[in-house]
Amino acid sequence: VQLQAFGGGLVQAGGSLRLSCAASGRTFSSYHMGWFRQAPGKERQFVAAITWGGGIYADSVKGRFTISRDNAKNTVYLQMNSLKPEDTAVYYCAADASVVAIRATPSNWGQGTQVTVSS
């Protein structure tokens, strides 16, 4: 599966953004989907995933971010509300058939999209 993320940008603290990730291929619905982020000088970290059981979130974004998917459009979304400067990072979407791997080491990655939150 090939992934392409978009929707990043510059937003003030407290604002909102919605990221989208479009997937190619006919087997999108069979993949668990996730979002990761990497801030300058830091390791890439898990943000959210959507599996058969629903959404899973990192503690740092719980209650502010919502992950969803539209299988008819082969697209996964990340709605980000109440953004904070510490949310500034490059955001990556990911896909994996394993519910374990999607939270840690997904096999498929999209290119990143920059999110910058100003204070």
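See above for the structure.
Residues numbered from 1 in each chain as written. Predicted model: local features only at pLDDT ≥ 70, side-chain atom pairs only at ≥ 80, totals over all residues. Heavy atoms only, no water.

What is the right way to look at the packing of aromatic side chains in this model?
When we look at a pair of aromatic rings, we describe it by the centre distance and by the angle of the planes. As enumerated under the stated definition, the model contains three aromatic pairs in all. Taking the centre distance of 5.0 Å and the plane angle of 65° together, the rings of Phe36 and Trp109 count as edge-to-face. Here the residue Phe36 occupies a position in strand E4 (residues 32-38), and Trp109 occupies one in strand E10 (residues 108-109), the gap between them amounting to 73 residues. Exposure remark for Phe36: the relative accessible area of 3% places this residue in the buried category. Judged by centre distance (6.4 Å) and plane angle (85°), the rings of Tyr92 and Trp109 are edge-to-face. A residue pair is termed long-range when its members are at least 10 positions apart, and Tyr92 in strand E9 (residues 89-96) and Trp109 in strand E10 qualify at 17 residues. (Phe/Tyr/Trp six-rings, centres within 6.5 Å; stacked < 30°, edge-to-face > 60°. Helix = DSSP H or I, 4+ residues; strand = E, 2+ residues; numbered from the N terminus. Buried < 20%, exposed > 50% of the residue type's maximum accessible area, 1.4 Å probe, protein only.)

Teacher, can you tell me more about the environment of Gln45 here?
Position of Gln45 among the secondary structure elements: in strand E5 (residues 45-51). For Gln45, a relative accessible area of 37% puts it in the partly exposed group. Taking the C-alpha atoms as reference points, Gln45 and Tyr31, 14 residues apart in sequence, are found 20 Å from one another. When residues no more than four places from it in sequence are discounted, the contact partners of Gln45 are Phe36 and Arg37. (Contact = heavy atoms within 4.5 Å.)

Honestly, the pairing of strand E7 (residues 65-70) in this entry has me stumped. Any pointers?
Looking along a regular strand, one sees the side chains alternate between the two faces of the sheet. Alternating positions in E7 separate cleanly, Phe65, Ile67 and Arg69 being buried on one face and Thr66, Ser68 and Asp70 remaining unburied on the opposite face. Relative to strand E8 (residues 75-80), E7 is paired through six bridges, and the arrangement is antiparallel. The residue of E8 that forms the bridge with Asp70 is Thr75. Linking E7 to E8, which pair antiparallel, is a turn of four residues; within it Asn74 sits at a positive phi near 50°. (Pairing = 2+ DSSP bridges.)

It is not clear to me how the side chain of Arg69 should be interpreted in this structure. Could you clarify?
Inspection of the secondary structure assignment puts Arg69 in strand E7. Of the side chains with opposite charge, Asp70 comes closest to the buried, unpaired Arg69, at an N-O distance of 8.3 Å. In terms of polar contacts, Arg69 uses its side chain to reach the backbone carbonyl oxygen of Phe28, at 2.9 Å. Those residues in contact with Arg69 that sit more than four places away from it in its chain are Phe28, Ser29, Tyr31, His32, Met33, Ile50, Trp52, Thr75 and Val76. (Lys, Arg positive; Asp, Glu negative; His and termini not counted. Salt bridge = Lys/Arg side-chain N within 4 Å of Asp/Glu carboxyl O. Polar contact = N/O pair within 3.5 Å; in protein donor to acceptor, adjacent residues only side chain to side chain.)

How should I be thinking about the environment of Ser98 in this particular structure?
Among the secondary structure elements, Ser98 is positioned in the loop between E9 and E10. As a C-alpha pair, Ser98 and Tyr31 span 67 residues in sequence and 7.8 Å in three-dimensional space. Among the polar contacts listed, one links the side chain of Ser98 to the backbone nitrogen of Val100, at a separation of 3.2 Å. A distance of 3.0 Å separates a polar atom in the side chain of Ser98 from the backbone nitrogen of Ala101.

Scope: geometric values only; no functional claims are made or implied.
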